[in-house]
Amino acid sequence: PPDGQPPPAPSDIGLENDDKAAKKKASAEPCLSSCFAVQQPLEVLEQLLAAVKRLVADLYQRSKEFELMEARGLVDADTEFNPRYNTNDNESIHITLERWRKLESNLCSKGAFDISKIPDIYDMVKYDLVHNFHLQLDSIEAVYRLANQLADDVVPSEYGIMPLQKLRIGSCITHKLLRKIMCDFNAVREETLQESQSKKMSKGRHPRSSDQSLPQSPTIDEDGEMDERRAKLNYKFETGVKSNHRHVRTRLYFTSESHIHGLLNVLRFSHLNGSTNIMSVEGRRKLECTQELDYLSHIVFRIFEITGRDVEDPGRFRVEVLFSEGAHGDPIKFHEEMITLEEPNPLDNPHVIPTVPMVPLTHTDRDVSMQMVLDILGRAYVNDKTNDLASDDELWSMLGQQRPLRS
């Protein structure tokens, strides 16, 4: 930018418009979450290094106090748990000290800073604030504040700065996850349509009218895979469930923060790849304001079947995408609030910060069909061998079916 001005904020140009010029402009604009908030990063890095050194000194002083108590027979290092000198899971203060000494040496070596260690420092300091707050280290808050500032710039930039970069990098990171989600989407659709056809052939007989339709324990095949056709909701726990005869179709994917960043970028910038934009204005703003994906961050794809529509109708299945950044919050404020409560005692607290409620990312004023989502995931799918975006023919050939029409 001219005259040292900050990069321009992103606009909604190209998000709803399929015009090529608008898409090209949108792909060249930096994302709001990637504009650097730290104006003097070198000064902040030096402040962070100094704060880490103070933290190491505090931990060293605590370790000496512990050794003195041990020498006087006031505590047995092997058997006695002392919350003042031991950390979460009974990790000794000496191990905690070594953790931070290693981070200190890795952050700056021979006068050169390694900014790839900033996420490690931020994760470590937040872990100690959540689980080892009882150590009451005076210098730990400064480490947290400085690391948080730098991490807000460094972490999102690891997945690209420009929208098109974020889309391409996200596609490369998540290609195997995208394939798994697509296959599960199609499996759910095919199984549900088979059920609908079976019901018509049986002349509307209720599936619960036969003892064979009662929930049974799923069988395991020779490859160790569960026979999902028999995995039904246990009727003993079906209180309040209207469709208690339906099969359980939940899929849980436990993955890393990088895959969640990548998948969110694939959904967010799908319009740059020729797909229909399914993100609502509120959903885009939510992601633009999200700097950090914390513990238990999650994305949920909810699939709904509109049984009144024809089986060939592309709108028979609609999808909602919801998102939560997990246990996001200031651990210092969290513990300060806990201390003000008479019960429970902070030392007896299970060390859990509540997760942020999920918010919808997709349009709520109109349906987002399953085919729209499959088209987005399919266009972003990356071939393992070439690392190029997969063609339509290759993708839908892999799925064993024709490419669905755009809705």
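Further up the page is the structure itself.
Fair warning: this is a prediction, and the values are worked out from it, not measured in the lab. (Residues numbered from 1 in each chain as written. Predicted model: local features only at pLDDT ≥ 70, side-chain atom pairs only at ≥ 80, totals over all residues. Heavy atoms only, no water.)

Student: I'm lost on the overall build of the protein chain in this one. Help?
Tutor: A tally of helices and strands in the protein chain yields twelve helices and five strands. The burial tally for the protein chain puts 42% of its 407 residues in the buried class. Summing over all exposed atoms, the protein chain offers an accessible surface of approximately 23,100 Å²; the carbon and sulfur share of this is 52%. (Helix = DSSP H or I, 4+ residues; strand = E, 2+ residues; numbered from the N terminus. Buried < 20%, exposed > 50% of the residue type's maximum accessible area, 1.4 Å probe, protein only. Areas by Shrake-Rupley, 256 points an atom, 1.4 Å probe, with all protein chains shown as cover.)

Student: Looking at this model, I keep getting lost on the nonpolar core. Mind explaining?
Tutor: One broad trend across soluble globular proteins is that nonpolar side chains are buried collectively. Formed by 34 residues in total, the largest nonpolar core has its most connected members in Leu 48, Trp 100, Ile 121, Val 125 and Val 143. Of all elements in the fold, only helix H2 (41-71), helix H3 (93-107), helix H4 (118-131) and helix H5 (140-157) reach the threshold of two or more residues within this core. In contact with Val 143, not counting residues within four places along its chain, are Leu 48, Ala 51, Val 52, Leu 55, Trp 100, Ile 121 and Val 125. Counting 31 residues, the second-largest nonpolar core is a separate cluster that includes Leu 193, Leu 263, Val 368 and Ile 376. (Core = buried A, V, L, I, M, F, W, Y, C linked by side-chain atoms within 4.5 Å. Contact = heavy atoms within 4.5 Å.)

Student: For this particular structure, what's the right way to read the packing of H2 against H5?
Tutor: When two helices pack together, their arrangement is given by the angle between the helix axes and the distance between those axes. In contact at an axis separation of 9 Å, H2 and H5 are set at 150° when each is read in the N-to-C sense. Classified by the interaxial angle, the pair formed by H2 and H5 is roughly antiparallel. Of the two possible hands of crossing, H2 and H5 adopt the one that is left-handed. On the side of H2, the interface is formed by Pro 41, Val 44, Leu 45, Gln 47, Leu 48, Ala 51, Val 52, Arg 54 and Leu 55, while H5 contributes Ile 140, Ala 142, Val 143, Leu 146, Ala 147 and Leu 150. (Axes fitted to C-alpha atoms, helices over the stretch in contact; angles between N-to-C directions. Parallel < 35°, antiparallel > 145°, perpendicular 65-115°, else oblique. Left-handed = near helix turned anticlockwise from the far one by under 90°.)

Student: I tried to follow H3 on my own but got confused; where do I start?
Tutor: An α-helical turn contains 3.6 residues, so any two residues separated by three or four positions project in the same direction. Relative to the 21 Å expected for 15 residues at 1.5 Å per residue, H3 spans 21 Å between its end C-alpha atoms, a close match to the ideal helical length. Buried residues of H3: Ile 93, Thr 96, Leu 97, Arg 99, Trp 100, Leu 103, Glu 104 and Leu 107, and no others. Down the axis, H3 shows its buried residues gathered within 155° of arc, on one side only. Buried residues along H3 sit in contact with H2, strand E1 (108-109), strand E2 (112-113), H4 and H5. (Expected span 1.5 Å × (residues − 1). Arc of directions from axis to C-beta.)

Student: Explanation requested: the side chain of Ser 280 in the structure shown.
Tutor: With respect to the helices and strands, Ser 280 occurs in the loop between helix H8 (257-268) and helix H9 (281-289). For Ser 280, a relative accessible area of 7% translates into the label buried. When near neighbours in sequence (up to four residues on either side) are disregarded, Ser 280 contacts Pro 360, Leu 361, Thr 362 and His 363.

Student: Any chance you could explain the pattern of salt bridges here in plain terms?
Tutor: Pairing is possible between side chains that carry opposite charge, provided their charged atoms lie close to one another. A complete count under the given rule lists 18 salt bridges for this structure. With a shortest N-O distance of 3.8 Å, Glu 65 and Arg 62 are connected by a salt bridge. Of this pair, Glu 65 and Arg 62 both sit in helix H2, separated by three residues, roughly a single helical turn. Take Arg 62: its relative accessible area is 11%, and that puts it in the buried class. Asp 375 serves as the salt-bridge partner of Arg 379, at 3.2 Å between the closest nitrogen and oxygen. Of this pair, Arg 379 and Asp 375 both sit in helix H11 (residues 370-380), four residues apart, roughly one helical turn. On the accessibility criterion, Asp 375 (5% relative accessible area) is buried. Look at the salt bridges and you will find they share partners, linking Lys 126, Glu 292 and Asp 294 into a network. (Salt bridge = Lys/Arg side-chain N within 4 Å of Asp/Glu carboxyl O.)

Student: Explanation requested: the environment of Ala 327 in the structure shown.
Tutor: Secondary-structure assignment places Ala 327 in the loop between strand E4 (317-324) and helix H10 (331-340). Sequence separation of Ala 327 and Tyr 295 is 32 residues, and the distance between their C-alpha atoms is 5.5 Å. With sequence-adjacent residues up to four places away left out, Ala 327 is seen in contact with Lys 126, Asp 294, Tyr 295, Ile 353, Pro 354 and Thr 355.

Student: When you look at the sheet that holds strand E5 (residues 359-360) in this model, what are you seeing that I'm missing?
Tutor: Hydrogen bonding along the main chain pairs the strands of a sheet, whether they run parallel or antiparallel. With respect to topology, three strands assemble into an open sheet ordered E3-E4-E5, the strand pairing being antiparallel. A strand with exactly one partner marks an edge of an open sheet, and here the two such strands are strand E3 (298-305) and E5. Judged from the two bridges that link them, E4 and E5 form a sheet pairing that is antiparallel. Within E5, the position partnered with Leu 322 by the bridge is Pro 360. (Pairing = 2+ DSSP bridges.)

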